[in-house]
Amino acid sequence: MNSALVFHVKTSLKNMVKRMLKRPLKAIGILVIALYFLAIPFTMKSFFIQFGFATPKGFVLLITAMTLYISMPSTMTYFKRRGVIFRKQDVNFMFASPLPPKQILLYALMKQAYMSVLMQIVGFIAAFYIFEIPFMNAIIYSVCNVIFSSILSYSLAIIMYGSERLSDTDKRNIKYGVYIAIVVVTVFLGYFIFKNGVSVESAQALVTHPVVLAIPIFGWELAWLNLIVLGPTVWNSVFGALFIISSISLGIIAYRMECTGQYYEDAIKFSEHLTHVESKKGNASFSEMVGNKQKIHTYNGKLKGTLAKTIFSRQFIERRRVRKYFISFGDLITLVLGIAVGIFSVYMETESSYYFLIACGVSLYITVFFTPANTWRDEFERYFLFIIP
């Protein structure tokens, strides 16, 4: 790595430590958050034991769900050149310097690595404490996952961001291909559960199925997990080997790939977008957060009622302007999840349901009062509200 970049990293770390010493409350807050994440495995053990998931297959099931529905979609943001965060100081200092564009990209990726490292530590603790995976197997999986998964994700980011041979059409086709793979796997999961019934055994048998392990890159990563945690089979050995080979191959491709910095313009736009969202201080709409423009629909409504009914009438009109059919797809998803949680709570034991309901109450409070999409909070910025009798 360039010596100037090394000096910048060292200086940034020193300044960060100095700022922490000047503002100890912030440092304590960060420490408390880190300890909270590390304590999650210790607080969730009884929950997994109760439902029969405190086994190595339960660990594989958990990691499979996170990989398919969190890692895969988040990786797709690299195609839009929106997944890597460049702060304003990075744009002003890095992009104007003679540093190689790939090193600047790698620097930004490494700045985001702390969360993945923290999650790896949490996964390592959960592996042997909750899911009863042998200590050495947990170490082998965690170390290899840090090495090869990091190489894989960083290489994908560099290729998707910095590649000047892949056209926008090629990237769009790859992105849609991944989404189609997610849909196909989801349909297969639904069919498998419908055919074999909803049970711990069917869910655990599902994650070792060749259809799941055959998904390029992400499925191969799950095959490596199956190989280390559950032992070797023909399928997980083949696809696990493909995971190692693909990690090394993509690393070599990313290293040899030419990159002249054409991603700078998109990175600057994303940086400005982040600055705009942060300036909203939690009042940004969901569309603003994801970088889309809010669509406004024509609706000829009139204010009705008196007192608080006037505010309700105005909120109704605003809702019809931003939601063509009043109810959005996200509302339907929330409804389905709410019904599922309600049914789920019925079959829980008394002691566990008490903590479960507390968690639901806290989640509801956070959703109502801290979700950026809440438009009712905007009413307090309109002073005519306070002159209504």
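Not measured: the values here are computed from a predicted model.

What counts and how
- Residues numbered from 1 in each chain as written.
- Predicted model: local features only at pLDDT ≥ 70, side-chain atom pairs only at ≥ 80, totals over all residues.
- Heavy atoms only, no water.
- Phe/Tyr/Trp six-rings, centres within 6.5 Å; stacked < 30°, edge-to-face > 60°.
- Buried < 20%, exposed > 50% of the residue type's maximum accessible area, 1.4 Å probe, protein only.
- Core = buried A, V, L, I, M, F, W, Y, C linked by side-chain atoms within 4.5 Å.
- Helix = DSSP H or I, 4+ residues; strand = E, 2+ residues; numbered from the N terminus.
- Contact = heavy atoms within 4.5 Å.
- Axes fitted to C-alpha atoms, helices over the stretch in contact; angles between N-to-C directions.
- Parallel < 35°, antiparallel > 145°, perpendicular 65-115°, else oblique.
- Left-handed = near helix turned anticlockwise from the far one by under 90°.
- Nonpolar A, V, L, I, M, F, W, Y, C, P; charged D, E, K, R; others polar.
- Polar contact = N/O pair within 3.5 Å; in protein donor to acceptor, adjacent residues only side chain to side chain.
- Expected span 1.5 Å × (residues − 1).
- pLDDT = per-residue confidence, 0-100.
- Patch = residues over 30% accessible without salt bridge, like charges linked within 9 Å, V, L, I, M, F, W, Y side chains within 5 Å.
- Areas by Shrake-Rupley, 256 points an atom, 1.4 Å probe, with all protein chains shown as cover.
- Salt bridge = Lys/Arg side-chain N within 4 Å of Asp/Glu carboxyl O.
- Lys, Arg positive; Asp, Glu negative; His and termini not counted.
- Charge placed at Lys NZ, Arg CZ, Asp CG, Glu CD.
- Bend = angle between axes of the 7 residues up to and from the residue.

Q: Sorry, what's going on with the packing of aromatic side chains here?
A: Within a pair of aromatic rings, the relevant descriptors are the distance that separates the centres and the angle that separates the planes. According to the stated counting rule, one finds 12 aromatic pairs in the structure shown. On the basis of an interplanar angle of 85° and a centroid distance of 5.0 Å, the ring pair of Tyr-263 and Tyr-264 is categorised as edge-to-face. Grouping residues by exposure puts Tyr-263 and Tyr-264 together as buried.

Q: Would you mind showing me how to read the nonpolar core here?
A: In summary, soluble globular proteins display a tendency toward joint burial of nonpolar side chains. Counting residues in hydrophobic clusters, the biggest one holds 68 residues, and the most contacted among them are Phe-59, Val-84, Phe-86, Phe-95, Ile-104, Leu-225 and Tyr-263. By residue number, the principal contributor to this core is helix H7 (residues 135–162), which donates 11 residues. Every residue in contact with Phe-95, bar those within four places of it in the chain, is listed here: Phe-86, Asp-90, Ile-104, Tyr-264, Ala-267 and Ile-268.

Q: Looking at this structure, how should I read the packing of helix H3 (residues 56–75) against helix H11 (residues 218–230)?
A: Two packed helices can be described by the angle between their axes and the distance between those axes. Relative to each other, H3 and H11 sit at 160°, their axes nearing to 10 Å. The angle between H3 and H11 places the two elements in the roughly antiparallel class. Crossing hand, H3 versus H11: right-handed. Two secondary-structure elements touch here, H3 through Pro-56, Lys-57, Phe-59, Val-60, Ile-63, Thr-64, Thr-67, Leu-68, Ser-71, Met-72 and Thr-75 and H11 through Phe-218, Leu-222, Leu-225, Asn-226, Val-229 and Leu-230. Across the contact of H3 with H11, the residue classes break down as 11 nonpolar, five polar and one charged.

Q: Please clarify how the side chain of Ser-155 should be interpreted in this entry.
A: You can see Ser-155 is positioned in helix H7. From its side chain, Ser-155 meets the backbone nitrogen of Gly-251 in a polar contact 3.4 Å long. Apart from the residues lying within four places of it in its own chain, the contact partners of Ser-155 are Leu-250, Gly-251 and Ala-254.

Q: Is there a simple way to explain helix H6 (residues 113–129) in this structure?
A: The periodicity of an α-helix, 3.6 residues per turn, causes residues three or four positions apart to be oriented the same way. Counted at 1.5 Å a residue, the expected span for H6 with its 17 residues is 24 Å, and the 24 Å between its end C-alpha atoms agrees. Where H6 is buried, its residues touch helix H2 (24–50), H3, helix H5 (101–111) and H7.

Q: Sorry, what's going on with the environment of Ser-249 here?
A: With respect to the element layout, Ser-249 can be found in helix H12 (residues 234–256). On a C-alpha basis, the gap between Ser-249 and Ser-155 in space is 9.3 Å, while along the polypeptide they are 94 residues apart.

Q: Quick question: what am I supposed to make of unusual backbone geometry here?
A: For residues that are not glycine, phi is negative in most cases, and the peptide bond is trans in most cases. Backbone geometry at Glu-132 places phi at a positive 60°, although glycine is not the residue there. Following the sequence through the fold, Glu-132 ends up in the loop between H6 and H7. Despite not being glycine, Ile-217 has its phi angle at roughly 70°, a positive value. As for its placement among the helices and strands, Ile-217 is situated in the loop between helix H10 (210–213) and H11.

Q: Looking at this model, I keep getting lost on the packing of H5 against H7. Mind explaining?
A: At their nearest, the axes of H5 and H7 sit 10 Å apart, and the two run at 135° to each other. Here H7 runs oblique to H5, going by the angle between their axes. Of the two possible hands of crossing, H5 and H7 adopt the one that is right-handed. Taking contact as the criterion, the partners of Lys-102, Leu-105, Leu-106, Leu-109 and Met-110 in H5 are, on H7, Tyr-154, Ala-157, Ile-158, Tyr-161 and Gly-162. Its residues assigned to classes, the contact of H5 with H7 comprises eight nonpolar, one polar and one charged.

Q: It is not clear to me how the confidence of the model for the chain should be interpreted in this structure. Could you clarify?
A: Predicted confidence across the chain gives a mean pLDDT of 77, with 83% of residues reaching 70 or more. Mean pLDDT across the elements of the chain bottoms out in helix H14 (residues 286–290) (54) and peaks in H12 (90).

Q: Teacher, can you tell me more about a positive patch on the surface here?
A: On the surface, Lys-10, Lys-14, Lys-18 and Lys-22 cluster together into a positively charged patch. Positionally, Lys-10 belongs in helix H1 (residues 3–22).

Q: I keep staring at H3 and nothing clicks. Help me out?
A: An ideal rise of 1.5 Å per residue puts 28 Å on 20 residues; H3 measures up with 26 Å between its terminal C-alpha atoms. Taken as a whole, H3 carries its principal kink of about 35° at Thr-67. Turning to H3, its buried residues are Gly-58, Phe-59, Val-60, Ile-63, Thr-64, Thr-67, Leu-68, Met-72 and Thr-75.

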